[in-house]
Amino acid sequence: MSNWLSNIFDRGPLAVAGKVAAFAEARQAVLADNMANIDTPGYKVRDLPVAEFQKALARAIGQARTADGPLRFEPTRHMAVGRDGQLTFEPVERQDANLLFHDRGNRSIEQEIGEMVKNTLVHRVAAEVMRKQQGTLEAAIRGKF
Amino acid sequence: MFGTFDISVSGMRAQRVRMTAIAQNLANINTTHNDAGEPEAYRRLVTIMAQGADKAGSPGVRVAGVVEDPGPLRRVNDPDHPDAGPDGYVSYPNVDMVTENVDAIEAARAFEANVAAFEMTKSLISNALRILA
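Because the structure is predicted, anything quoted here is derived from the model rather than measured.

S.K.: Describe the interface of chain B and chain A, listing the residues and the values that go with them.
M.R.: Opposite the 15 residues of chain B that make contact, chain A presents 14 residues. Put simply, the parts of the chain that give the side of chain B that touches chain A at least two residues each are α1 (3-27), β2 (61-68) and α2 (97-132) of chain B. For the side of chain B that touches chain A, the element with the highest residue contribution is α1 of chain B, accounting for 6 residues.

S.K.: Let's hear about helix α4 (residues 109-142) of chain A: which residues, and what values?
M.R.: Compared with the 50 Å implied by 1.5 Å per residue over 34 residues, the 48 Å span of α4 of chain A between its first and last C-alpha is a close match. Taken together, the buried positions of α4 of chain A are Glu110, Gln111, Glu112, Gly114, Glu115, Lys118, Asn119, Leu121 and Ala126 of chain A. Taken together, the buried residues of α4 of chain A touch α2 (12-36) of chain A together with α1 and α2 of chain B. Glycine 143 of chain A lies just past α4 of chain A and shows a positive phi near 80 degrees.

S.K.: Any details on unusual backbone geometry? Residues and values, ideally.
M.R.: We note that aspartate 68 of chain A has phi near 55 degrees; this positive angle belongs to a residue other than glycine. Residue placement: aspartate 68 of chain A occurs in the loop between α3 (50-67) and β2 (79-81).

S.K.: Hey, could you go over the nonpolar core for me, with residue numbers and the actual values?
M.R.: Residues and elements named next belong to chain A. Counting 9 residues, the largest nonpolar core consists of Ala17, Val20, Phe23, Ala24, Leu48, Phe53, Ala56, Phe89 and Ala126. Residue assignment for this core shows that the elements contributing at least two residues are α2 and α3. With 4 residues, α2 is the largest single contributor of residues to this core. Residue contacts for alanine 126: discarding those within four places in its chain leaves Ala17, Val20, Ala21 and Ala24.

Cut-offs applied
- Residues numbered from 1 in each chain as written.
- Chains lettered and ligands numbered in written order.
- Predicted model: local features only at pLDDT ≥ 70, side-chain atom pairs only at ≥ 80, totals over all residues.
- Contact = placed C-beta atoms within 7 Å.
- Helix = DSSP H or I, 4+ residues; strand = E, 2+ residues; numbered from the N terminus.
- Expected span 1.5 Å × (residues − 1).
- Buried ≥ 20, exposed ≤ 12 C-beta atoms within 10 Å, placed from the backbone.
- Core = buried A, V, L, I, M, F, W, Y, C linked by C-beta atoms within 7 Å.

Written as structure tokens, this is what we have:
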């Protein structure tokens, strides 16, 4: 990709929002899995490592800013970085639930719904940021607002 | 901001656990035998709630325990009943249907209140998002 174009897509708000949206999408699948298994005996509720991703994102943003380069992630314990910068996450067992059933399961439909709503809101914020950026870009291409 | 969701979720969970205990009480309103089949009247379950969703000090609520109500059992004079004692009285569970029904309505309303608070938080954040969009 030519230099000026990669400047727009590989750094700045578009790149950050893209990663956040990708994480939210991957997490939504895990949360849906929890909901589907709400009555599965022995099932342990899983989640993506949210805090770990946020920390990695903060570090990547900080590094991109100081180096004035593209947004680049470093792999963490539950997050792998592909050659093209694609992030893959490994689901972890969620520990925070206080309710235990006889099979030591910690499922709660309310909690899954709550997490899903939060996740959806995060995704919406990321999508809105991307939409806004796209609008700015289009305006720049057309040369008028 | 997102922590507000967790508070409402902990409220919903606690009320659902309470509802489960109430349903168990109503189902066992005439139970005179225990798990092992020995004559022992069922005792009403009471849900104890504590502050803090995960541990003390965190916001929200948690179920600290579901314990048996030690209150007096309902004694009915029925000498021919197989579970009657030497005095001819049968001990029935200390479950009162009216109390349980009132509790059930209250639990359902409390659950609804938490759902309402949850939705309000959601619309609050959605409204904030409108500034961006």
